[in-house]
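Chain residues, written in single-letter form:
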Amino acid sequence: MNARTAALDAVVFGVDIQSGDVRGDAPSYALAAFDGESVDRDVVSYRKLRRRIDDEVPAMVATDNMYELAENKDALVHFLGSLPDETKLVQVTGAEQPEPLSRVASRHGVPYGKDPMKEAEAAARLAAANVGQEVTAFTDRTEVKVARGRSTGGGGGWSEDRYTRRIHGSVKRRAREVESELDDAGLEYERDATEKYGGFSNAIFTVEARPSDLPVSTERSGDVRIEIERVRRDGIEFRPLAKRRDHVLVGIDPGTTTAVAVVGLDGEVLDVLSTRTADTAAVIEWIIERGRPILVAADVEPMPETVEKIRRSFDAAGWEPNRDLPVDTKKHRTREEGYDNDHERDALAAALAAYDDHEDQFERVARKVPPQFEVGAVLARVIADEESVETVLADLQEDDNDSSEDETEHTERELTAEEKQIKRLKARVDRLEGHVDDLQETIRQKDEKLDEYETELSAAKREERKEARQRREVTRLERENDRLERKVSEKDERIDELEGKLERLKALWKLDHSNFADVSEKKAGLVPVKVIEQFTTDDIETAQQSFGLAEDDVILLRDASGAGRSTAERLAEVNPKVVLRNGGLSDVADRVLFEADIPVAPAEMVTVQEVDELAVARESEVEEAIDDWEERAIERERERTGEMVDQLISEHRAGEVE
């Protein structure tokens, strides 16, 4: 492994089918975990393999055939999507047409055996040495979806409109929070929101970052859920782990978003990057991984300081236009190339414009360079150091010449101008090599610092998760405490209600037992009231069966209307002490009760307290109601007598007239 792989990606899993088949029910796998020095071997089931990958998060899962881990393309895409973000799937035998593992292992000097465990170990060692192709089905973009966490079909006590508005409002608020977090993290994204009544039904953010770089994670709470999914490619793609570091041209567009484009010496676009988070050192490292720049270009004049700094770090030639490249020119030159934003377009335009400016020179040099020499190496010296092709070739030829003249036969002489130039160039090479050593030391220090930061970050994440668990537990306990307090309050209210009911029941019980007649008369002053719902024969019979009707009872009619003669006569048979009525009696019922000498009074005259089916009233109020009726009865009798006298007089006079 190279220094960076060793520092960041400590473990590589080599995997090979031990028994069974991935299309069967229970395949087993030979698993070799290689940490750069030792190998941990185990035979595991598919489920245990997945669990170990999730728990240990290896840098790579290496195999000689990717379809040993998935039965078809769809299953392979699912497998790739389920891998931790830091883990790569590597096919060490090549891309679409893999070689035999034995041949690849032999070529790279890796021990090999036909036993599945030996093959798994060979795959792990090859991947650790950057041999093979990374298998990928996803881009470096991620889709973050903020959506409703529950259906809007009903609200449990809320009106449907209010319930729907609340949910959509919650989605909109959470979407704004996610947008703010992405902005704070300096990530580029596009937002597509669907507006609905009261807010958003969903908001989809397409972010230029991997899931591990996002400040948000999958969640589901109440009205809102967040789903995170990497954007898929059109199919399965392969990327070589080890990239050839050919000589290249580099275009750079600096700023808040830095974009870099790498173009080959034939004008082919090799790679493009745009980032808001990487510093200059990270950009230089990204370029180093993709080639050796002989020329660094900008799209504006003069060359920005950041571009100049990167150019000097590679000791490459610089290129800038006579005046800033117009936007139309940049769009036209990059129309056939793929880029994601204007920054990448500007970097591409700078690199391609530099290529156009030097294309003829590249062709002339290529024609002069013999097959045994690399054109890029010659161009690097011709472009960056402004040497002639002949001088470079002569120097290279001299380096390849194994025989040299005997120094004893060489006499001191003055160096020619060309030899002096060569001497100066060799001295420059020495300086550049020293500079490279310094850069490598800087990279090593940065890698160590990065390890420290990652350790601190892991510790901080653990502490944050611990605090989050504590906060969730506190919230749960607070909710439980609130629930219990509400329950206690409800029980207190119920106790008060039952205590009042008990007191009334005691009074009723005393009234219903002759042994306590004195107590009820002297202290309570209450009489029982028997309630009849409606003044009908059926309700009178129901009351008779439920609690009995007896002479001198106080009877309350909840609804006194509608009774006829027979109903009134049935009540008169009971001979109650008084009838308290709600509503008016019919004329027939009123006459029957009056003639039976049964007092009838409005219910409003007497305060009646009820406990379930039982009721009591103050005896004094009952007596007052009876007295009132008796006074009205006397007056009514007097009026009736007067009417009878008037009628007799009228009849007598009528007889005399005849």
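Residues numbered from 1 in each chain as written. Predicted model: local features only at pLDDT ≥ 70, side-chain atom pairs only at ≥ 80, totals over all residues. Heavy atoms only, no water.

**Some points on the overall build of the protein**
Of the regular secondary structure elements, the protein holds 18 helices and 21 strands. The buried share of the protein, reckoned over its 658 residues, is 38%. A sequence separation of at least 24 residues applies to 62% of the contacts in the protein between residues at least 6 apart. Summing over all exposed atoms, the protein offers an accessible surface of approximately 38,800 Å²; the carbon and sulfur share of this is 44%. (Helix = DSSP H or I, 4+ residues; strand = E, 2+ residues; numbered from the N terminus. Buried < 20%, exposed > 50% of the residue type's maximum accessible area, 1.4 Å probe, protein only. Contact = heavy atoms within 4.5 Å. Areas by Shrake-Rupley, 256 points an atom, 1.4 Å probe, with all protein chains shown as cover.)

**Topic: the sheet that holds strand β15 (residues 317–319)**
An order of β13-β12-β11-β14-β15 is seen for the five strands of this open sheet, with the pairing classed as mixed. Where the open sheet ends on each side, the last strands, each with one partner, are β13 (269–275) and β15. This sheet shows a mean twist of 25 degrees between the axes of neighbouring strands, independent of strand direction. Relative to β15, strand β14 (residues 292–297) runs parallel, the two sharing three bridges. Residue Val296 lies in a different strand from β15, and its bridge partner there is Gly318. The strands touched by helix α7 (residues 280–288) are β11 (247–253), β12 (258–264), β13 and β14; relative to β12, the strand with the most contacts, the crossing angle is about 20 degrees. (Pairing = 2+ DSSP bridges. Axes fitted to C-alpha atoms, helices over the stretch in contact; angles between N-to-C directions.)

**A look at unusual backbone geometry**
Negative phi characterises most residues that are not glycine, and trans characterises most peptide bonds. Across the junction of Glu301 and Pro302, the peptide omega takes the value 5 degrees, indicating a cis bond. As for its position among the elements, Pro302 is in the loop between β14 and α8 (305–314). Not every positive phi belongs to a glycine, and Asn130 is a case in point at roughly 65 degrees. The topology assignment puts Asn130 in the loop between α5 (116–128) and β6 (133–148). Residues other than glycine seldom take positive phi values, yet Asp597 does so here, at roughly 60 degrees. Within the fold, Asp597 resides in the loop between α17 (587–595) and β19 (600–602).

**Observations regarding the packing of aromatic side chains**
What the rule picks out here adds up to four aromatic pairs. Pairing Tyr29 with Tyr46 gives two aromatic rings, centres 6.2 Å apart and planes at 45 degrees, and the pair type is tilted. Pair noted here: Tyr29 is in strand β2 (residues 28–34) and Tyr46 is in helix α2 (residues 46–56), with a separation of 17 residues, a long-range link. A relative accessible area of 0% means that Tyr29 is categorised as buried. Aromatic side chains Tyr355 and Phe362 sit 6.1 Å apart centroid to centroid with 50 degrees between the ring planes, which places their arrangement in the tilted category. By relative accessible area, Tyr355 is classed as buried at 10%. Phe362 sits in the buried class, given a relative accessible area of 6%. The lysine or arginine in question, Arg636, covers the ring of Phe594, its NZ or CZ lying 4.0 Å from the ring centre. (Phe/Tyr/Trp six-rings, centres within 6.5 Å; stacked < 30°, edge-to-face > 60°. Lys NZ or Arg CZ within 6 Å of the ring centre and 35° of its normal.)

**Considering the packing of helix α16 (residues 565–574) against α17**
Between α16 and α17, the shortest axis-to-axis distance is 8 Å and the interhelical angle comes to 30 degrees. With respect to α17, the element α16 is oriented roughly parallel. Like other packed secondary-structure pairs, α16 and α17 cross with a definite hand, here right-handed. On α17, the residues touching Arg565, Ala568, Glu569, Leu571 and Ala572 of α16 are Val588, Ala589, Arg591, Val592 and Leu593. (Parallel < 35°, antiparallel > 145°, perpendicular 65-115°, else oblique. Left-handed = near helix turned anticlockwise from the far one by under 90°.)

**Examining helix α11 (residues 375–384)**
Three or four residues apart is the spacing at which side chains of an α-helix point the same way, because the helix has 3.6 residues per turn. For α11, the tally of buried residues reaches seven of ten residues, placing the bulk of the element in the interior. Where α11 is concerned, the buried positions are Gly376, Val378, Leu379, Ala380, Arg381, Val382 and Ile383. Positive backbone phi, at 60 degrees, marks Glu386, one or two positions downstream of α11.

**Quick look at a negative patch on the surface**
Together, Glu490, Asp492, Glu493, Asp496 and Glu499 line one region of the surface with negative charge. Relative to the helices and strands, Asp496 resides in helix α13 (residues 417–511). Taking the relative accessible area as the measure of exposure, Asp496 reaches 52% and is therefore exposed. (Patch = residues over 30% accessible without salt bridge, like charges linked within 9 Å, V, L, I, M, F, W, Y side chains within 5 Å. Salt bridge = Lys/Arg side-chain N within 4 Å of Asp/Glu carboxyl O. Lys, Arg positive; Asp, Glu negative; His and termini not counted. Charge placed at Lys NZ, Arg CZ, Asp CG, Glu CD.)

**Notes on the confidence of the model for the protein**
On average, the protein scores 83 in pLDDT, and the residues at 70 or more come to 87%. No element of the protein has a lower mean pLDDT than helix α1 (residues 3–8), which averages 35, and none a higher one than strand β4 (residues 60–63), which averages 95. Scored below 50 in pLDDT, residues 402–413 makes one contact in the model with residues more than four places away or belonging to other chains. (pLDDT = per-residue confidence, 0-100.)

**A short note on the environment of Arg41**
Here Arg41 shows up in strand β3 (residues 39–45). Residue Arg41 is classed as partly exposed on the basis of its relative accessible area, which comes to 46%. It is 8.3 Å that separates the C-alpha atoms of Arg41 and Glu121, two residues lying 80 residues apart in sequence. The contacts of Arg41, once residues within four sequence positions are left out, are Leu31, Met117 and Glu121.

**Thoughts on the pattern of salt bridges**
Considering all chains together, one arrives at 43 salt bridges under this definition. Between Asp356 and Arg333 there is a salt bridge whose closest N-O contact spans 2.7 Å. With Asp356 in helix α10 (residues 342–368) and Arg333 in helix α9 (residues 327–333), this pair connects stretches of sequence that are 23 residues apart. Salt bridges sharing common partners tie together Asp40, Asp42, Lys48, Arg52 and Glu56.

**Comments concerning the nonpolar core**
Ranked by internal contacts, the top residues of the largest apolar core, which has 28 residues, are Leu249, Ile294, Leu295, Phe362, Val365, Val378 and Ile383. For this core, the elements supplying multiple residues, two or more each, are β14, β15, α10, α11 and α12 (389–400). Here this core gets nine residues from one element, more than from any other, and that element is α10. Discounting residues that sit within four places of it in the chain, Ile294 has contacts with His247, Val248, Leu249, Leu265, Ala316, Ala317, Phe362, Gly376, Leu379, Ala380, Ile383 and Ala384. Ranked by size, the runner-up nonpolar core spans 25 residues in total, among them Phe13, Tyr29, Leu31 and Leu49. (Core = buried A, V, L, I, M, F, W, Y, C linked by side-chain atoms within 4.5 Å.)

**Comments concerning the pairing of strand β18 (residues 578–581)**
The side chains of a regular strand alternate, residue by residue, between the two faces of the sheet. Pairing geometry for strand β17 (residues 554–559) and β18, over four bridges, is parallel. For Leu556, the partnering residue across the bridge sits in β18 and is Leu580. Between the parallel pair β17 and β18, the chain is carried across by α16, and the sense of this crossover is right-handed. Two elements, β18 and β19, share three bridges in a ladder whose sense is parallel. (Right-handed = clockwise from strand over helix to strand, strands pointing away.)

**Structural notes on the pairing of β14**
Of all six residues in β14, five are buried, a share of seventy percent or more. Where β11 and β14 come together, five bridges link them in parallel fashion. Of the residues in β14, the one forming a bridge with Gly251 is Ala297. Between the parallel pair β14 and β15, the chain is carried across by α8, and the sense of this crossover is right-handed.

**Section: the side chain of Arg345**
Tracing the sequence through the fold places Arg345 in helix α10. If we ignore the near neighbours within four places in the chain, the residues touching Arg345 are Val327, Lys330, Lys331, Thr334 and Tyr339.

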